[in-house]
Amino acid sequence: MTDSTPPEKPGPTGGGRLAWTQVVLASVLMLATLPGRTQGLALVTEPLLADLRLDRLTYAHLNLVATLIGALFCLPTGWAIDRFGLRGTTTAVVLTLGLSVTMLGGITVGLVPLFLLLLASRALGQSALSVCSITTVARWFPGRAGFAMGVYSVLLSVWFAAAFGVIGWSVRAHGWRAAWLQMAFVLVLVITPAVALIHREPRSGRGRAGSPADGVAGEDREVSGLVPGEGGIGLTLPEALRTGAFWLFAGGAAAFNLVASGLGLFNEAVLAERGFSQRTFHGFLAASALLSLGGQFLGGWLTRRWRHQAILSVALLLYAAGLAGLAMTRQWWQLAGVAMLLGVAGGMIMVIFFAVWGDLFGQRQLGRIQGAAQMVTVVSSALGPVVFAAGVARSGSYAPVLLVLAGVGLLLAAAAPFVRRPPGACPVGSSG
């Protein structure tokens, strides 16, 4: 049995049954990154620190360095996907992540072992497996990934919401070690075999040396931007890095991730500064998450009708307005408006970040390109809490940093309509 599968006849929504099976599998793979993400580690941080008798500052420094170094693993993962295919690469990443999670669940003492296991979780989960997950959908929906990525994003929201509840309950009922070992069990004995047995890749999406995706003829290389996704033709990573489009979309997602990580960590403190209670904070989180689903559906629908730059520009404008509003709001109804802006805009940005790479840059080195983009966003996520903490330490308030970041969003939104699409990028509406 090979890793490639002959292309299916597209269905009315742009892909056959097997293609949509891969979308669901890709969403499960992104869920499997949870042990390497800030949100996942946050579920066990307090009991872990108490168990290991570790202070927060030391742990924060270990986590920051592990995240920054782990971001570098995005690039070799993208290369491995292009060179060896998705199934083999993803299987190896999930299995190795599961083993590292197992070891972290059994750790007893030592800063060096803790750092190495944090590094493994960040590198394999947040970085490598994220690249595998996103690239899976882009491979199966070349040039028309918008709607598929919208469905993928909604599935992610559902999976993560359920996982937070289940793992949180397990931590409270059985302790952090048991919860962590349960995640390792699922990774090694459930998800790894599922990937090995179910994961497929369309034949035209392969990037192995000697395949159409990497072995195109000289004349094809001269017109590498032609019709991304057909026969593996598209831009190489160096070519993509020389385009303004790559840095626009990577920069927009990085700005969003920086805010999401910093605001996510200090959200309760930000709202308390504006006079809101902890109960209001919990309601704000729930409302933002619910509205994010609407933004994901809207973003997926718009990718079939609008240019990618226009969608990103609108999303960044809404997000900047939400950040500015959060810096000044005092009434609950104002906070409701802020939750709407941040939730809808965040959902749109998530979809466009997932969908844009295959549509604009093609399949030829899609793994490498998405790996580079993912690395930029991981680094920005690591820096987000530092930016928020430094801002409040300097000014005594979160409002200035929120307004500065809103300004960054406005600048990117203003620049987006003027950034040229790469040659041969898919036309508007081709995702449908």
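Just so it is clear, the model here is predicted, and its values are computed rather than measured.

1. So, the overall build of the chain
Turning to step 1, where the next piece is worked out: Broken down by element type, the chain carries 17 helices and two strands.
Turning to step 2, where the next piece is worked out: Sorting the 432 residues of the chain into buried and exposed places 55% on the buried side.
Turning to step 3, where the next piece is worked out: In the chain, once contacts between residues fewer than 6 apart in sequence are set aside, the share between residues at least 24 apart is 84%.

2. Quick look at unusual backbone geometry
Turning to step 1, where the next piece is worked out: A positive phi angle, close to 50°, is found at arginine 53, a residue other than glycine.
Turning to step 2, where the next piece is worked out: Within the secondary structure, arginine 53 sits in the loop between α3 (45–52) and α4 (56–71).

3. Re the nonpolar core
Considering soluble globular proteins, one finds that nonpolar side chains tend to be buried as a cluster.
Turning to step 1, where the next piece is worked out: Membership of the largest hydrophobic core comes to 121 residues, with the highest contact counts inside it found for Leu114, Tyr152, Phe249, Trp357 and Phe361.
Turning to step 2, where the next piece is worked out: Ranked by residues supplied to this core, first place goes to helix α15 (residues 332–361) with 17 residues.

4. Some thoughts on the packing of helix α1 (residues 17–31) against helix α7 (residues 111–140)
Turning to step 1, where the next piece is worked out: For the pair α1 and α7, the least separation of the axes is 9 Å and the interaxial angle reads 165°. One element, α1, and the other, α7, form an angle in the roughly antiparallel class. Judged by the sense of rotation from one axis to the other, the crossing of α1 with α7 is left-handed. In this structure, α1 contributes Leu18, Ala19, Gln22, Val23, Ala26, Leu29 and Met30 to the contact, and α7 contributes Leu129, Ser130, Ser133, Ile134, Thr136, Val137 and Trp140.

5. Some thoughts on helix α16 (residues 366–395)
Turning to step 1, where the next piece is worked out: An ideal rise of 1.5 Å per residue puts 44 Å on 30 residues; α16 measures up with 43 Å between its terminal C-alpha atoms.
Turning to step 2, where the next piece is worked out: For α16, the principal kink sits at leucine 383 and spans about 35°; a proline, proline 385, occurs within the next four residues.
Turning to step 3, where the next piece is worked out: Looking one or two residues past α16, glycine 396 carries a phi angle of roughly 80°, positive in sign.

6. Here's the deal with the environment of threonine 91
Turning to step 1, where the next piece is worked out: The residue threonine 91 is located in helix α6 (residues 86–105) in this model.
Turning to step 2, where the next piece is worked out: Owing to a relative accessible area of 17%, threonine 91 belongs among the buried residues under this scheme.
Turning to step 3, where the next piece is worked out: Expressed as a C-alpha distance, the spacing of threonine 91 and threonine 192, which sit 101 residues apart in the sequence, is 5.7 Å.

7. Regarding the side chain of threonine 135
Turning to step 1, where the next piece is worked out: Following the sequence through the fold, threonine 135 ends up in helix α7.
Turning to step 2, where the next piece is worked out: Side-chain polar atoms of threonine 135 contact the backbone oxygen of valine 131, separated by 2.7 Å.
Turning to step 3, where the next piece is worked out: In this structure the side chain of threonine 135 is engaged in a polar contact, spanning 3.3 Å, whose partner is the side chain of glutamine 370.
Turning to step 4, where the next piece is worked out: Residues within four places of threonine 135 in sequence aside, it is in contact with Ile81, Leu86, Leu366, Gly367 and Gln370.

8. Some points on the confidence of the model for the chain
Regions with low pLDDT should not have their predicted coordinates read in detail.
Turning to step 1, where the next piece is worked out: For the chain, the average pLDDT comes to 79, and 84% of its residues sit at 70 or higher.
Turning to step 2, where the next piece is worked out: The model gives residues 205–232 a pLDDT under 50, and that stretch makes 64 contacts with residues more than four places away or in other chains.
Turning to step 3, where the next piece is worked out: Confidence over residues 428–432 falls short of pLDDT 50; this stretch has 17 contacts with residues more than four positions distant or in other chains.

9. A closer look at the environment of histidine 308
Turning to step 1, where the next piece is worked out: Here histidine 308 is to be found in helix α14 (residues 308–328).
Turning to step 2, where the next piece is worked out: Overall, histidine 308 belongs to the buried group, its relative accessible area being 5%.
Turning to step 3, where the next piece is worked out: Distance in space between the C-alpha atoms of histidine 308 and isoleucine 352 is 7.1 Å, their sequence separation being 44 residues.
Turning to step 4, where the next piece is worked out: Excluding anything up to four places from it in sequence, histidine 308 contacts Phe249, Ile352, Val356, Asp359, Leu360 and Arg421.

10. Concerning α1
Turning to step 1, where the next piece is worked out: With 15 residues, α1 extends 22 Å from end C-alpha to end C-alpha; this agrees with the ideal 21 Å at 1.5 Å per step.
Turning to step 2, where the next piece is worked out: Residues Ala19, Trp20, Gln22, Val23, Leu25, Ala26, Ser27, Leu29 and Met30 constitute the buried set of α1.

11. Some thoughts on the packing of α1 against helix α9 (residues 176–198)
Turning to step 1, where the next piece is worked out: One way to put it is that α1 packs onto α9 with a least axis distance of 11 Å and a crossing angle of 155°. Considering their axes alone, α1 and α9 lie roughly antiparallel with respect to each other. Judged by the twist between their axes, the crossing of α1 over α9 is left-handed. Listed contacts from α9 to Thr21, Gln22, Leu25, Val28 and Leu29 of α1 are Ile191, Val195 and Ile198.
Turning to step 2, where the next piece is worked out: Of the residues that constitute the contact of α1 with α9, the class distribution is six nonpolar, two polar and no charged.

12. Comments concerning the side chain of threonine 90
Turning to step 1, where the next piece is worked out: If you trace the backbone, threonine 90 turns up in helix α6.
Turning to step 2, where the next piece is worked out: Excluding residues within four positions of it along the chain, threonine 90 makes contact with Leu29, Leu129, Cys132, Val195 and His199.

13. Focus on a nonpolar patch on the surface
Turning to step 1, where the next piece is worked out: Residues Val65, Ile69, Leu72 and Phe73 make up a contiguous nonpolar surface patch of about 320 Å² in total accessible area.
Turning to step 2, where the next piece is worked out: Locating isoleucine 69 in the fold gives a position in helix α4.

14. Let's talk about the environment of threonine 108
Turning to step 1, where the next piece is worked out: Mapped onto the secondary structure, threonine 108 falls in the loop between α6 and α7.
Turning to step 2, where the next piece is worked out: Along the sequence, threonine 108 and leucine 52 sit 56 residues apart, while their C-alpha atoms lie 6.6 Å from each other.
Turning to step 3, where the next piece is worked out: Not counting chain neighbours up to four residues away, the residues in contact with threonine 108 comprise Leu52 and Arg177.

What counts and how
- Residues numbered from 1 in each chain as written.
- Predicted model: local features only at pLDDT ≥ 70, side-chain atom pairs only at ≥ 80, totals over all residues.
- Heavy atoms only, no water.
- Helix = DSSP H or I, 4+ residues; strand = E, 2+ residues; numbered from the N terminus.
- Buried < 20%, exposed > 50% of the residue type's maximum accessible area, 1.4 Å probe, protein only.
- Contact = heavy atoms within 4.5 Å.
- Core = buried A, V, L, I, M, F, W, Y, C linked by side-chain atoms within 4.5 Å.
- Axes fitted to C-alpha atoms, helices over the stretch in contact; angles between N-to-C directions.
- Parallel < 35°, antiparallel > 145°, perpendicular 65-115°, else oblique.
- Left-handed = near helix turned anticlockwise from the far one by under 90°.
- Expected span 1.5 Å × (residues − 1).
- Bend = angle between axes of the 7 residues up to and from the residue.
- Polar contact = N/O pair within 3.5 Å; in protein donor to acceptor, adjacent residues only side chain to side chain.
- pLDDT = per-residue confidence, 0-100.
- Nonpolar A, V, L, I, M, F, W, Y, C, P; charged D, E, K, R; others polar.
- Patch = residues over 30% accessible without salt bridge, like charges linked within 9 Å, V, L, I, M, F, W, Y side chains within 5 Å.
- Areas by Shrake-Rupley, 256 points an atom, 1.4 Å probe, with all protein chains shown as cover.
- Salt bridge = Lys/Arg side-chain N within 4 Å of Asp/Glu carboxyl O.

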